[in-house]
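# A structural walkthrough
Each chain, letter by letter, is given below.
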Amino acid sequence: MLIQSMLKYLCISICLLFCSVDLLALPTNDTVDIAKPKEQYGHQICVGVDIFQPFISSTVNYRTGYEFTADYYFKNDVYFVVEAGWGDANINYPDLVYKSTNNFFRIGINKSLFARLSPKDWDMGFVGLRYGFASIQRSNATYTVIDSFWGNTTGSVPAQELNCHWVELSGGMRVELFKGICAGYTIRGKFRLNNNDFQLLAPVYIAGYGRGDKNSVFDFNLYISYAIRWKRKGDSPH
Amino acid sequence: MIKNSCKFILLIVATVFFYACTQERLPCAQPTIMSVVMGCHKWIGVDTLGNPIFKDTILNHPTVTARDSAGQLRTSIYPQGSNSLIVHMSPISDSCQWIISADTTQVSLDSADVITFYYQSQLNFLSNACGYAYFYTLQKVVTTHHTFDSVQIANTTVNTNVNTEHVKIFMH
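Notes on the structure follow. Residue positions are given per chain, counting from 1 as you read along its sequence in written order. In the order they appear in the text, chains get letters beginning with A and ligands get numbers beginning with 1. With the structure being a predicted model, the display of local features is reserved for residues of pLDDT at least 70 and the display and counting of side-chain atom pairs for 80 or more, all residues being used for whole-chain, interface and lining totals.

## Regarding unusual backbone geometry
Note on backbone geometry: most residues besides glycine have negative phi, and most peptide bonds are trans. Residue and element names in this part refer to chain A. Look at Asn-76: it is not a glycine, yet its phi comes out positive at around 50 degrees. Numbering goes from the N terminus for both helices and strands, where a helix is a DSSP run of H or I of at least four residues and a strand is a run of E of at least two. The topology assignment puts Asn-76 in the loop between β2 (63–73) and β3 (78–93). Notably, Asp-77 is not glycine yet its phi reads approximately 65 degrees, a positive angle. One can find Asp-77 in the loop between β2 and β3.

Here it is in structure tokens:
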């Protein structure tokens, strides 16, 4: 079931990215150059902040989430990525009351689907793979089972500390708007690895992952980022 | 053209995720009160191997009655042609009784039967949308014998599966 679900997300992601590639494709020449593009040198560290999750948090009462990202250009259009953040949820339903907080990080790689056209070209459409980890603290929860016939029953579930592990397939785009200032989005399909740990009471929101009572989720980030660049040793001046 | 297409795709994606993320509470799409489903059957003979043959029995406006938490008798009247009845267990007890009249058009104390359920209850987390619910494990079911011949537990587990017949009622 998990594999089927992952394949579905993978197919959707690939289709989405091929659409993006098609949209950004440059006009082709009549001649076909089959030579491998020359490696484009240069270092880049790009640090960014997600503006989508705080925007969502400002429109709902029950949760907040903040995410940051940093990536480093390795070579051959591969980027190492680290993402981290925190968030909380405050549930106050008639039949369920609790709070949860969590920190998270994700590590992985992005692979650009375009060869760089010039040393100054850092725009990219990418696919990525991540491992994610969240450390969660959930408060004591109070529940009520509403039964209009036999009467309501109320009880409590003790506080719990949980860890959440997941893997992500991601895809997205990033373009340079001004010198060093970039914007982009990432669409993520996430698959939790330790579902059995969330049987007692899964937090409604896990920052970095999403809805805690779902074993697989889609997520979306919109990043504004700043790129710091320098030349590699031995690079020719551009 | 390309920029406009990218903006359009981004707008659609962001809108979809915005809608999904801003729902305060997803609607609960499953029952939170678990039901015991009872099917009515009548013995009609035996097959060539000697096994008993039963057929579903249609009841004429059956009713189910129990005393609720306030001590009031509450009755559910089923439409004509029903062949299965649904009752609920009390989560604060390990047994409960339901008075079942198979034919409301001919009401008399002699025609109503009392079915007593003995069970264990287990608290289960369904989801944040639905909260908690009690599941049950049926241990024993007994009945009086006015219009019912006997009862038999067909499935001991009472949970969110609504397509299961838990108890078979055999009519005289």
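## What to know about the environment of Ala-141 of chain A
All names here are of chain A. Of note, Ala-141 is situated in strand β6 (residues 141–145). In this structure, the C-alpha to C-alpha distance between Ala-141 and Lys-190, residues 49 residues apart in sequence, is 26 Å. Contact between residues is assigned whenever the C-beta positions, reconstructed from backbone atoms, fall within 7 Å. The residues touching Ala-141, leaving out its near neighbours within four places in the chain, are Leu-96, Val-97, Tyr-98, Ser-156, Val-157 and Leu-201.

## Things to note about the sheet that holds strand β7 (residues 112–127) of chain B
Residue and element names in this part refer to chain B. One open sheet accounts for 6 strands, arranged β4-β3-β6-β7-β8-β10; its pairing is antiparallel. Where the open sheet ends on each side, the last strands, each with one partner, are β4 (73–77) and β10 (157–158). In this sheet, β10 lies alongside strand β8 (residues 131–143) in antiparallel orientation, the contact comprising 2 bridges. Bridge pairing links Tyr-136 to Val-158 in β10. When DSSP finds two or more bridges between a pair of strands, those strands are recorded as paired.

## What to know about the nonpolar core
Counting 48 residues, the largest nonpolar core has Cys-164, Ile-206 and Tyr-209 of chain A together with Val-36, Met-89 and Phe-117 of chain B as its most contacted members. For this core, the leading source of residues is β8 of chain B, giving 5 residues. Excluding residues that lie within four positions of it along the chain, Tyr-209 of chain A makes contacts with Phe-104, Gly-132, Ala-134, Cys-164, Trp-166, Lys-190 and Val-217 of chain A. In plain words, the nonpolar core is the set of buried Ala, Val, Leu, Ile, Met, Phe, Trp, Tyr and Cys residues that C-beta atoms within 7 Å link up. Note on burial: count the other C-beta atoms lying within 10 Å of the residue's C-beta; 20 or more is buried, 12 or fewer is exposed, in between is partly exposed, and C-beta positions come from the backbone. Formed by 7 residues, the second largest nonpolar core is a distinct cluster that contains Phe-52, Ile-187, Phe-220 and Tyr-223 of chain A.

## Some points on the pairing of β7 of chain B
All names here are of chain B. In terms of strand pairing, strand β6 (residues 95–101) meets β7 through 7 bridges, oriented antiparallel. Looking at β7, one finds that Ile-100 is bridged to Asp-113. Direction of pairing for β7 relative to β8: antiparallel, over a ladder of 12 bridges. Each residue of the ladder has a partner; that of Tyr-119, found in β8, is Leu-138. Count of turn residues in the β7/β8 antiparallel hairpin: 3 residues.

## A look at the environment of Ile-33 of chain B
Along the chain, the position of Ile-33 of chain B falls in the loop between α1 (2–21) and β1 (35–46). Non-local contacts of Ile-33 of chain B, meaning those with residues more than four positions away in its chain, are made with Asp-147 of chain A together with His-88 of chain B.

Nothing here speaks to function; it is geometry throughout.
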